[in-house]
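Breakdown of the fold
Now for the letters of each chain:
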Amino acid sequence: MEKLILIDGNSIIYRAFFAMPPLTNSSGLHTNAVYGFTNMLLRLIQEQQPTHILVAFDAGKETFRHEGYQDYKGGREKTPSELSEQFPLMRELLESFGIAWFELPGYEADDIIGTISKQGEESGREVLVVTGDKDMLQVVSDKVTVALTRKGISEVEPFGPNEIEEKYGLRPLQIIDLKGLMGDASDNIPGVPGIGEKTALKLLHQFGSVEEVLSHTDELKGKMKENLVNHAEDARMSKRLATIFREVPVERSWDDMTFNGLQEETAVPTLRKLEFKSLLERLSFTGTGEAGGSAAPAEPAPELDVTIVDSAAMPALTELLPEIGSLYVEAAGENPHHAELMGMVLSTPDRHFYISPQFLKSGEAESVVAWLGNEKISKRGYDLHRIDLALHWEGISFAGAYFDIQLAAYLLDPTENDQTLSALTAKYGISRLVSDDEVYGKGAKFKVPDDATLSSHLARKSDSIMKIVPLQQAELEKNEMKSLFYELEMPLSRILADMEKQGIAVNREDLTELGKEFESQISRLVLQIYEIAGVEFNLNSPKQLGEILFDKLGLPVIKKTKTGYSTDAEVLEKLAPYNEIVQYILEYRQLAKLQSTYVEGLLKEIRSETGKVHTYFRQTVAATGRLSSQFPNLQNIPIRMEEGRKIRKVFVPSEEGWLILGADYSQIELRVLAHISGDEGLMEAFQHDMDIHTKTAMDVFGVSADQVDANMRRSAKAVNFGIVYGISDYGLSQNLNITRKEAARFIDQYFDAFQGVRKYMDDIVRDAKRDGYVKTLLERRRYLPEINASNFNLRSFAERTAMNTPIQGTAADIIKLAMVLMDEALHTHGLKSRMLLQVHDELVFEVPPEELEAMTKLVPETMEKALQLSVPLKAEVSSGVNWYEAK
DNA sequence: ACATTCACG
DNA sequence: ACGTACGTGAATGTG
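Residues numbered from 1 in each chain as written. Chains lettered and ligands numbered in written order. Predicted model: local features only at pLDDT ≥ 70, side-chain atom pairs only at ≥ 80, totals over all residues. Heavy atoms only, no water.

This part takes up the pairing of strand β12 (residues 401-404). Bridge count for strand β11 (residues 379-381) against β12 is three bridges, and the pairing is parallel. By the bridge assignment, glycine 381 is partnered in β12 with aspartate 404. Each parallel crossover has a hand, and the one from β11 via helix α18 (residues 384-392) to β12 is right-handed. (Pairing = 2+ DSSP bridges. Helix = DSSP H or I, 4+ residues; strand = E, 2+ residues; numbered from the N terminus. Right-handed = clockwise from strand over helix to strand, strands pointing away.)

Quick look at the structure:
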């Protein structure tokens, strides 16, 4: 028996919105109405087992009803933006569920439903209409049932002809007459004054219809009679307005509405994106494609064929090595340079081979070791960069990285912070993994499970990788990111691993010596501070420091934090004139930072075997496409202040007589901006290699080059920074310590001078609002779900991000390209020089003296030709015996 | 686990 | 009126 469910989308989503508490996902997107709707939808599907479903929506503001009555639905509150932003989500979710939806300009959802329910009825099918609107009761018949929401939307009450008779004593069509008499405030249908539900029902029981009532007014008396006579036309019009139009030209065939059960592959990622975790759990897809609403646990995924490799199994594995489709290597620990190898699985589509670390290193697995190190063999895996490093320190080389699903996931959505394999299996609707915590235990309880448990867990992971690869390939293709992935990011991951393995030498003695100097200055400052304060306290505690400064010494409070007084450098600078203690605290802070982070922190990271620090460049964290650096972070070594800059002296070449060479892009972000905005003035400035801040000052202040003083240049520089960051008057005013008005004037003048930039900023924000994401020149994407938020802060933040990301991200693209080219150039020229570090717009090398001349030419040349822009790229190079001298 | 502060581009 | 400049990681204190 076929059964159709027709849902009034607008009615339900409105009710859901007001019935549910506010609910947002982690990125601030409102989801409460969609959640309520989905909840109800799943319940309906489960209880009703429909064969067909259609959700109807209102389209546009004007309907045919307005032609006769302009005030129809007048006086309604505007739909809150927290709700309107959920309509696109709702449609996306329906599509991912495999549920049809329909809207038609000029008609309301009511009319669409009226039409389709009539068609269903005429062809002898059973129809259930779900809505919150009582008007709909007029379509009830033997075949058509209307379910009205009750108490919000958590329950529905079905109405057939009998239920309507019971509740109102009316036939379904008389519901229209009821509305004609009593009206409907929410739709601005007037009805007849003084007649409410009770009176209307009494009249209809007596006369049967609006027309009959009106022609028997002589049998009535008093105020009611007067109103009916005076408002007869209102009654007739109200009846017309309340009549559902059942002849809408719906171009939807019965088959279009077929519902074949939830489409797991598409539904799961959408639910995931909306962060409907409870619904995902409730569904716990069993692979049957049905919404099994019960809390039944997911069926265990089918057992995999796992072989625990020993000497006896080696021949079989060696035989199958050419058919390996994926590998997974488990290495415990945050720092991949110190990760403990736990096990490895190599998989073909139907067999999985678990290799223990002991066996891998035993010498019996030499074919596997050779396979791992063979760069001609393509490997598909998860976080291959990390695997490369972990294996490296076990003396095993890894090459041939072809497809890293973590890296692909990063390109597909760089802001997703859950990049675990579990999250990816969930996103792609692949059978769920047992959680690592369950297998290994958490924190202190961490232990290695038995071989059987471990091997099947890792096999499941490797198997998931094999299934995810083709799905991501399709997505990369769709997003035009294949070249970004295969030609830039994948090659770069190998280059980064090489740089990290190489490491950079640190002179431990000099660093220790520097630490002693800092130490003596620190202890001197601490004594002075305690003396002035009159007590000893923990200087490192902002809370205690705040009590001393503001409570004890009574200094003025400049700024507060969530938890109390702010004592950051900006505040302290302002307090300095009040009390000399403040200056000492500033100096203490500076030195303490250098000591703890850069002296002690760096010393801890020196590997005793190599005398080097081996950072780990993370390629999948920064939302803009930049790299980040960890263990230690070598991208934030001090340079701005001389005391800190000295730290750079301890970074030295690893071989006698070699040199450190650094090359950095000059104004890369503003050059990128000149290119993507096409601003004439900016482009010309770079074509003539002008001092960009001076040029900006000239244009903003309308003066000639020799009239630009230091202060004007400083302001112009701040404006340029602001432009790159996605300017706001407030931000600029903070930076320049001027009023918001003055800052706004600067910005205005800037945009008048650089109108191409103004247009870029307007366009990029508009595009972001339309597309939901922004792109870099190399098609790197960043989604901005908050770009249409009604919350000013969230929206503004997203708008600034829309302006900044293409700039910062394209600059990141460019230096990554340069790294790939540089790596290639070093090989083809047979140079011994080594690339060691990347610091966003700078590359650091160590070079043997005989290559210094060649490298001084090659490096900037390579960086400058990395990408052809409409303005030249410029890289500046310098070298010295340590990083400090390479300035 | 979270907040504050500060180092870099 | 709204109240933040964009992107990171490390050290430290506190709940």
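Okay, back to it.
Time to look at the sheet that holds strand β13 (residues 504-506). Strand order in the open sheet formed by three strands is β14-β13-β17, and the pairing between neighbours is antiparallel. Two strands in the sheet have a free side with no partner beyond their single neighbour: β14 (612-613) and β17 (651-652).

Turning our attention to the protein's contact with DNA strand C. Residues in contact with DNA strand C amount to 37 residues; listed here are only the nearest, Ser541, Ser628, Arg782, Phe792 and Phe797. Restricting the count to atoms of DNA strand C within 4 Å of the protein gives a sugar and phosphate share of 62%. One of the side-chain N or O atoms of serine 628 is found 2.6 Å from a phosphate oxygen in DNA strand C. One of the backbone nitrogen or oxygen atoms of glycine 722 is found 3.5 Å away from a base nitrogen of DNA strand C. Taken together, the elements giving at least two residues each to the surface near DNA strand C come down to α25 (542-552), α27 (580-605), β16 (628-630), α32 (710-725), α33 (729-736) and α36 (792-828). (Near = heavy atom within 4 Å. Polar contact = N/O pair within 3.5 Å; in protein donor to acceptor, adjacent residues only side chain to side chain.)

Glancing now at the confidence of the model for chain A. When pLDDT is averaged across chain A, the result is 90; 96% of the residues are at 70 or more. Here residues 286-299 is a poorly scored stretch, pLDDT under 50, and it has 18 contacts once near neighbours within four places are set aside; other chains count. (pLDDT = per-residue confidence, 0-100. Contact = heavy atoms within 4.5 Å.)

In this chain, phenylalanine 631 is followed by proline 632 through a cis amide linkage whose omega measures -5 degrees. Even without being glycine, phenylalanine 631 reaches a positive phi, approximately 55 degrees. Position of phenylalanine 631 relative to the elements: it lies in the loop between β16 and α28 (642-645). Unlike most non-glycine residues, histidine 840 shows phi in positive territory, near 70 degrees. Tracing the backbone shows histidine 840 in the loop between β21 (834-838) and β22 (842-847). In this structure histidine 840 comes out as partly exposed when scored by relative accessible area, which is 23%. (Buried < 20%, exposed > 50% of the residue type's maximum accessible area, 1.4 Å probe, protein only.)

Right, let's talk about the packing of helix α23 (residues 482-502) against α36 for a bit. Geometrically, a packed helix pair is captured by the angle between its two axes and the distance between the axes. With their axes 10 Å apart at the nearest point, α23 and α36 run at an angle of 65 degrees to one another. Considered as vectors, α23 and α36 are oriented roughly perpendicular to each other. You can see that α23 and α36 cross each other, and the crossing is left-handed. Here Leu488, Glu489, Leu492, Arg494, Ile495, Leu496 and Met499 of α23 come into contact with α36, specifically with Asp813, Lys816, Leu817, Met819, Val820 and Asp823. Taken together, the residues that form the contact of α23 with α36 break down as eight nonpolar, no polar and five charged. (Axes fitted to C-alpha atoms, helices over the stretch in contact; angles between N-to-C directions. Parallel < 35°, antiparallel > 145°, perpendicular 65-115°, else oblique. Left-handed = near helix turned anticlockwise from the far one by under 90°. Nonpolar A, V, L, I, M, F, W, Y, C, P; charged D, E, K, R; others polar.)

Let's shift gears to the protein's contact with DNA strand B. Taken together, 22 residues sit near DNA strand B, with Thr567, Lys593, Ile639, Arg640 and Asp841 positioned nearest. Looking at DNA strand B alone, sugar and phosphate atoms form 76% of those within 4 Å of the protein. In this structure, lysine 562 approaches DNA strand B through a main-chain N or O atom, which is 3.0 Å from a phosphate oxygen. The contact in question runs from a base nitrogen of DNA strand B to an N or O atom on the side chain of asparagine 636, over 2.9 Å. Taken together, the residues of the surface near DNA strand B sort by class into seven nonpolar, eight polar and seven charged.

Here we take up the pairing of β21. Every other side chain in a regular strand lies on the same face of the sheet, so the side chains alternate between the two faces. Where burial is concerned, most of β21 is hidden: four out of the five residues are buried. Here β21 pairs with β22 via four bridges, running antiparallel. Residue arginine 834 lies in a different strand from β22, and its bridge partner there is glutamate 846. Linking two consecutive strands that pair antiparallel, namely β21 and β22, is a turn of three residues; a positive phi of about 70 degrees is found at histidine 840 within it.

Taking strand neighbours across the sheet as the criterion, the four strands line up as β21-β22-β18-β23 in an open arrangement whose pairing is antiparallel. What marks the edges here is a single partner per strand, and that holds for β21 and β23 (875-880). Between one strand and the next, the sheet's axes are offset by a mean angle of 25 degrees, whatever the strand orientation. With respect to the sheet, α23 is in contact with β21 and β22, its orientation differing from that of β21 by roughly 100 degrees. Across the sheet, helix α37 (residues 852-864) is in contact with β18 (659-665), β22 and β23; its angle to β18 comes to roughly 20 degrees.

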